[in-house]
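Residues per chain are reported as follows:
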Amino acid sequence: MKNRSAVRMRIRIPAVAAICVPVLFGFGLSPGAAPPAKPVPAAAVSSPVSPTLPVSHTLPLAGRLAAPPVLSGSFAQEKIIVGLKKPLLSRGDFLVARDKGVIWRTLKPFAAAVAVTQKGIWSLKQNGAGLTRQAIHQGNLGLAMDMIQKVLAGDPAALDKVFTVAEKGDSAAWTLDLKPLDPIVARVILSIRLQGGRRVDRVEYAEANGDKTRIEFSAAADNGGALASWQAVAFRD
Amino acid sequence: MIRKTLALAWVLILLACGAYLARELPTASIESSIFALLPEREQDPAVRAAGDALRSELEKRFLVLAVHADADKAALAAEAYAASLRASGSMQEVACAVPSGGVGRMLDFYQPHRFALLSAEDRESLAKDSGSLYDAAQRTLYLPPGVSGSLGFAQDPFGTWGRWLSARSGAGAGFELRNGHLTVALDGKTAVAVLGTLKPRARGMDAQNTLAARFDGASAAALAVPGAQLLRSGFVFHELLAAHQAHGEMTSIGTVSAALLLVLMLFAFRGIRPTLLGMLPVLIGCLAATALLLLAGGGKVHLIAMVFGSTIVGVAEDYGMLFIAGLYEDKPWDGRRRLRDVQRSLFLGLLTSVIGYLALFFVPIPGLRQIGLFSIAGLVASWITVMLWYPWLGARLKPVSAGMRQAAEAIERGWPKVRRGKLTALSLLALLALSAWGCARLRVDDDVRLLYAHDLRLQHEQDKINSVLRMPGGGRFFLVRAPDTEQVLQREEKLLGLLAASDTGGAAAVGVSTFVPSLALQQGNAALLLSALGGSVNLGNTGNVKGTADRLAADLGTPELGERLRRETRENSRPVSLEEWLADPVSTPFRYLWRGNKAGRAEGAESAASVVPVPAAVSLPPDRLRALGKQASADIVLVDQIQDVSDTLGLLRRHLIWVLAIGSALVFIAMLFLFRGRAFGAVAPAALGVAAGLGSLGGSGMPLNLFALLALALILGMGIDYGIFVQESRRQRAAALVAINMGAASNMLAFGMLVFSTTPALKAFGLVLAVGLGVAWLTAPCFSTVGETE
C-alpha cells in the first residue's frame, strides 16, 4: 500500500485569470519600462531588433521590454457590456512588482483597488489603521505569475504558447492580434488586440459573450523600484 | 500387523485430506487481509469496506509527468506517452489533455444552480455585509476581464459563480491549464501530466509482464523527445517493480538454493530416494494441516496463517533427516531398527515443538491460533508419516560408503566440546557477549512498508510529484457517516471547514460536498444573495436602504436591470442534488468519494456515507486529524490504512514475543523433566541460536518485526531438536551430526538465502534464520556429554 500515493484525476476549470492577467499586465507595464523619451539602454536589450521589422517570427516587442523591479503607470478603460446602455468608463493607475504581483487601482468613477498576487486576488481598503486586505479569491496563480515574469523578462515569445499571433505594421506602429489556442479559453475570450510603438499603448479584448474592453495606457513616472508601505502590505502573501 | 493397518489407515486419511482439498480449495475463500487475523470485535465492517473500495479505486489510477525545459516538447512527450498507452488497450482511460467539452459540460451542468453556489470567501463577506455584493458587481463591471474572477456580467454579475468554480479547481491537485494540457511548473521546467486509469485486470505473472511492457513502451515513446524526463506516481508502478524484483529473486535465489540443496543431499546420501524421504514429512505435514485448517475454519482459511504455518512445519524436515542419517551408522541398514533407535528422539522433538507452539493458543488473537493449529497439526502429521511409513518406505536403502562414514565420524570427533576444553566454553561466552551487544542495539519497527521492496528512484519521483501537486495518498481518509445524504454532506462541510482552517500545508481536502454542497448551505447561499439584492425580500429594519440590484440599476441608468438581476438570481438558484450530480458525467472522476445511500435500512441506522481522502501533503499528526474529525461530528472516523496494518503487525509481534517466551519456558520445564542434568546442554543450542539471531538483527541495524520473530520460532523448534538429537545419540553420534548438518543446511538453503532479498522484511527473516540456525547447528554438538566416557 505504501505511499504509493494514489492518483486522482483532476480537471482544471479555465483559469481565465491565468491567461488574461499576464497579457494585460505584462504589456501594460511597458510604458513605465521604456518611457518614449528615454532610449533603451543597450544592456537591457536581450536581442537587438532590426529597425526594418517585422521579420516573420520575431515579435516586434522582443528585446524591448526592459524589466525594472517595480513599474507603474496610468490607464483609461472603456467597457461595453451587453445589456447596458452606456459604455463604462474608468481611469486609474496600476503597479507591477516583479515576483510579487499587480495592483490595479480605479480612481474614477469611484475609488477601489485590487491586488493580484501568487496566492489570490485581494480587495484593498484604506482605513485609519492602514491598509486592509480581503480575499476575493484564494488559490494558486503560479502559472499566471510565471507568464508575467516571462513577458517582463523580454520573452513575449511566451505569448506564442497561448495564442496564435498575427502582426501588422512596423516597429514604430505595430498591432498584434491574439486568438486563444485553447478551446476552453476561447469559450470566454474571442480575441485580444495589442497596439503600440516603442511601448504598448492600447489593449482591446473581445469576450465570447459580446462584452468589449479597451484600455489605453499612458506614460508613468518611474518610481525607482521602491514600494510604498501600503503596496508592500498589499503584496504580502 | 497393527503397524501395517495403521500405515494403511494413514494412507486413507491422507487420501481423504487430498480429496477434500481438491474439492474445497478452489472454491474456498482465501482471506488475505491482515485485519482478518484480528478478533472480530476489533474490526468495523463499514470501515473495512470503505477502505477496500477506496484502495481499489486509487490503486487503479496513476499519474505520469513529462518534464521538459520547453513546454511544447513536454506536451509532445506527454502526448506520445498517452498515445502509446491508449494503443495498448490495457487502459480504461488515458488523458493528457482536458477534452474541451469537459469544462463546457461543467459550466452547463452548474448553470441553472449558479446562484446557489458561493465560495467560502464570498459567503463570509456577504454574511458580514450585504453591501459587499455591490462591490463585487462593481469589480465585474470595472476590472479588466478575468481579474475579478467573473465569467462575464450577463451570466455571472457578481463573479460568485466563476470564483466558486475556480475554487473547485483550486481545491484540487494544483494543475494549470495550458493549451488544454494539465500543466505544472517544476524546477523551472514545465511538466505535462498524463492521467490514467487501468482496466480491471487479471492477476498473475503474465498479466504483469504484459502491463510492464506496455508502460516501458510508453516511456520509450515519450523519451524519444530529446531532453524529456518522466516522473511516475501510482500504486501500479510500485507493484510492477516489486513483482519484477520478486520474480527475479524467485528465479535467482530459488534456483540457486534448490540446486545447492539437491547437490548436497545427493552427495550426502548417494541417491534420490533418501533425498525424497528427507523432504516427504514436510509435504505431508502441510497437506494435512491445510485440510484441517480449512475444515476448522468452515471453508475459510487465511493466507498468512497458511504461509507462516507451512514455514514452521519446515521444522519437520529434521524428522526425516534423523531417520535417513542412519545410513551413516557402522552397521547394516535396517529401516525398522533405525526407527526404533530414533523414535525416542523423534517423539521428544515433536513433544517439545508441540509444547512450544501450544503457547500460540494462549493469546486472544484468532490469527495466531490458526498458525498454532496449522503448525501443530503439520508437525504431528509429519511425525506420524515417519513413524508409520518409514519402516516400509525406508526398508531398502543403501548405507553410505565406509569412507564417507569414517569422514563423518572424524568430523564428529574433532568437533570442539565444552567438556573437553576451556577454549570452547570461552568462545561460546564470547559469542553470547557479542549477541548481547547486538541485542542491546535492537529496535522495533512494524511498518508494513518493510514488506515491500523499496525503490529509491520511484520514491524520489513520487516525492517530486507530491512537492508540486496535491494528491491524496498515504492511505488516510475520513469516513463520514450519517442517517441520510443531507446529514453526510453537512458533516462533511463542517469537517472540510475545520481542515481548511487548520494548517494543512496548502493542501485542500476534497469531498462530495465540494461539488454538491448540502441543501441547507445552498438554500442559505441563495437567500444571502437574494437578500443582498434587496427589493423583493423583506429587509426588516434595513428596508430603507436600497438593495444592490436597485443601486446598480440606478448607477447604470438601466431601470429594468434591478428586476432582471432579481429574476435571474431566483430562477437560477435551485439547489443541485447529489442524485443529479451522480447521474451526470461531470462527477465521473469523483464518484468514488460517495459510499452510497443504503435506503430501506432500519431507522436510525447509519445508512449514508462518504469518504474524504487526506491529501498526501497534509502533515498533521494522526491525533490532530482524529480530533478534527470528532470535532466535526462524533460519527466521523479517521482511517489510516498503513498505520492500521502496521499497528496490526505490531500487535501480532507483541503477542508473538509472549508466545515465544512462554513456549520457551514450557519447553525448558519439559526438558528439565526429561533430561534432568543434561537439560541445559539440550536447550543451550536453541538459546544461543535465538540470542545470536536477535544479536545479528540489532548489530546490522535491521529492525525486529513479526517476520524476524517467525524466524526465531523456527530456530527454537529446530535448535531444540538438535539439542535432543545430540543428547540422545549415545552410540551413533556421527549419524546424529549428519542429521543435524543436513537439516540445518537444507533449512538455511531454503530460508536463509532470503538474506539476499531486497524486500526488507524477507531480508531480516533470512538474516535471523541464517545466523540463528547456523549458531544452533554449530554449537549443538559442543554440548555432547558423552564424548570422553564412551
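What you see is a predicted model, and the numbers here were worked out from it, not measured in a lab.

Draft legend 1. Spatial organisation of empty space enclosed by the protein. All names here are of chain B. The full count for this structure, using the stated rule, is 10 cavities of 30 Å³ or more. Considering only enclosed or pocket space, the second largest cavity measures out at about 240 Å³ in volume. Taken together, 24 residues line the second largest cavity, and the ones lying closest to its centre are Gly-356, Tyr-357, Val-659, Leu-660 and Ala-713. The dominant element in the lining of the second largest cavity, judged by the number of residues it contributes, is helix α25 (residues 641-675), at 7 residues. Classifying every residue of the lining of the second largest cavity gives 18 nonpolar, 6 polar and no charged.

Draft legend 2. Summary view of the pairing of strand β1 (residues 70-80) of chain A. Residue and element names in this part refer to chain A. Counting buried positions over the 11 residues of β1 gives 8, a clear majority of the element. Alignment of β1 against strand β2 (residues 88-97), held across 10 bridges, turns out to be antiparallel. By the bridge assignment, Ser-74 is partnered in β2 with Asp-93. Two elements, β1 and strand β11 (residues 212-218), share 7 bridges in a ladder whose sense is antiparallel.

Draft legend 3. Structural context of the sheet that holds strand β9 (residues 189-196) of chain A. Residues and elements named next belong to chain A. The 11 strands lie next to each other as β6-β5-β4-β3-β2-β1-β11-β10-β9-β8-β7, forming an open sheet whose pairing is antiparallel. Edge positions in the sheet fall to β6 (130-138) and β7 (163-170), since each has one partner strand and no second. Shown here is a sheet whose adjacent strand axes are inclined to one another by a mean of 20 degrees, direction ignored. Relative to β11, strand β10 (residues 200-207) runs antiparallel, the two being bridged by 5 bridges. The residue of β11 that forms the bridge with Arg-202 is Glu-216.

Draft legend 4. Just the confidence of the model for chain B, in detail. All names here are of chain B. For chain B, per-residue confidence averages 82 on the pLDDT scale, and 90% of positions sit at 70 or higher. Mean pLDDT across the elements of chain B bottoms out in strand β4 (residues 176-178) (65) and peaks in helix α20 (residues 519-533) (93). Every residue in residues 536-544 scores below 50 in pLDDT, and together they form 7 contacts with partners more than four places removed in sequence or on other chains.

Draft legend 5. The side chain of Thr-569 of chain B, seen in detail. Tracing the chain through its elements places Thr-569 of chain B in helix α22 (residues 560-571). When residues no more than four places from it in sequence are discounted, the contact partners of Thr-569 of chain B are Phe-115, Phe-158, Leu-529, Leu-530 and Leu-533 of chain B.

Draft legend 6. Quick look at the packing of aromatic side chains. Under the definition given, this model contains 16 aromatic pairs over all chains. Ring geometry for Phe-323 of chain B against Trp-333 of chain B: centres 5.5 Å apart, planes inclined by 85 degrees, an arrangement best described as edge-to-face. Of the two residues, Phe-323 of chain B sits in helix α12 (residues 317-324) while Trp-333 of chain B sits in the loop between α12 and α13 (335-358), which places them 10 residues apart along the sequence. The burial state of Phe-323 of chain B is the same as that of Trp-333 of chain B; both residues are buried. Each ring, one from Phe-347 of chain B and one from Trp-383 of chain B, has its centre 6.0 Å from the other, and the planes form 55 degrees; the classification is tilted. On the criterion of sequence distance, the pair formed by Phe-347 of chain B in helix α13 and Trp-383 of chain B in helix α14 (residues 366-393) is long-range, its members being 36 residues apart. Chaining the aromatic ring pairs together yields one cluster made of Phe-75, Phe-94, Trp-104 and Phe-217 of chain A. Sitting over the ring of Trp-122 of chain A, Arg-133 of chain A keeps its end group 3.8 Å from the ring centre.

Draft legend 7. A look at the packing of helix α10 (residues 272-296) of chain B against α12 of chain B. Residues and elements named next belong to chain B. Two numbers describe how α10 lies on α12: the axes approach to 6 Å, and their chain directions differ by 150 degrees. By the angle between their directions, the pair α10 and α12 is classed as roughly antiparallel. For α10 against α12, the interelement crossing comes out right-handed. Contacts between α10 and α12 involve Pro-274, Leu-277, Gly-278, Met-279, Pro-281 and Val-282 from the former and Glu-317, Gly-320, Met-321 and Ile-324 from the latter. Among the residues forming the contact of α10 with α12, the class breakdown is 7 nonpolar, 2 polar and 1 charged.

Draft legend 8. Structural context of a nonpolar patch on the surface. Residue and element names in this part refer to chain B. Taken together, the side chains of Leu-8, Val-11, Leu-12 and Leu-15 present a nonpolar region at the surface, about 400 Å² in accessible area. As for its position among the elements, Leu-15 is in helix α1 (residues 2-24). Take Leu-15: its relative accessible area is 56%, and that puts it in the exposed class.

Draft legend 9. Quick peek at a positive patch on the surface. Residue and element names in this part refer to chain B. Together, Arg-3, Lys-4, Arg-336 and Arg-340 line one region of the surface with positive charge. At the level of elements, α1 and α13 are the ones that each hand at least two residues to the positive patch. Its place among the elements puts Lys-4 in helix α1.

Draft legend 10. Just the nonpolar core, in detail. Residue and element names in this part refer to chain B. Phe-269, Met-671 and Tyr-722 are the most contacted members of the largest nonpolar core, which totals 125 residues. Of the residues forming this core, the biggest block, 17 residues, is contributed by helix α27 (residues 706-728). If near-sequence neighbours (up to four positions away) are discounted, Met-671 is found in contact with Thr-352, Arg-676, Ala-679, Ala-682, Val-683, Ile-720 and Ile-724. Ala-50, Val-510, Val-516 and Phe-590 belong to the second-largest nonpolar core, a separate cluster that totals 49 residues.

What counts, and at which threshold
Residues numbered from 1 in each chain as written. Chains lettered and ligands numbered in written order. Predicted model: local features only at pLDDT ≥ 70, side-chain atom pairs only at ≥ 80, totals over all residues. Heavy atoms only, no water. 1 Å grid on protein atoms, 1.4 Å probe; cavity = no way out; pocket = protein on both sides within 12 Å on 5 of 7 lines; lining within 4 Å. Points joined across faces, edges and corners; volume = space filled by probe spheres on them. Helix = DSSP H or I, 4+ residues; strand = E, 2+ residues; numbered from the N terminus. Nonpolar A, V, L, I, M, F, W, Y, C, P; charged D, E, K, R; others polar. Buried < 20%, exposed > 50% of the residue type's maximum accessible area, 1.4 Å probe, protein only. Pairing = 2+ DSSP bridges. Axes fitted to C-alpha atoms, helices over the stretch in contact; angles between N-to-C directions. pLDDT = per-residue confidence, 0-100. Contact = heavy atoms within 4.5 Å. Phe/Tyr/Trp six-rings, centres within 6.5 Å; stacked < 30°, edge-to-face > 60°. Lys NZ or Arg CZ within 6 Å of the ring centre and 35° of its normal. Parallel < 35°, antiparallel > 145°, perpendicular 65-115°, else oblique. Left-handed = near helix turned anticlockwise from the far one by under 90°. Patch = residues over 30% accessible without salt bridge, like charges linked within 9 Å, V, L, I, M, F, W, Y side chains within 5 Å. Areas by Shrake-Rupley, 256 points an atom, 1.4 Å probe, with all protein chains shown as cover. Salt bridge = Lys/Arg side-chain N within 4 Å of Asp/Glu carboxyl O. Lys, Arg positive; Asp, Glu negative; His and termini not counted. Charge placed at Lys NZ, Arg CZ, Asp CG, Glu CD. Core = buried A, V, L, I, M, F, W, Y, C linked by side-chain atoms within 4.5 Å.

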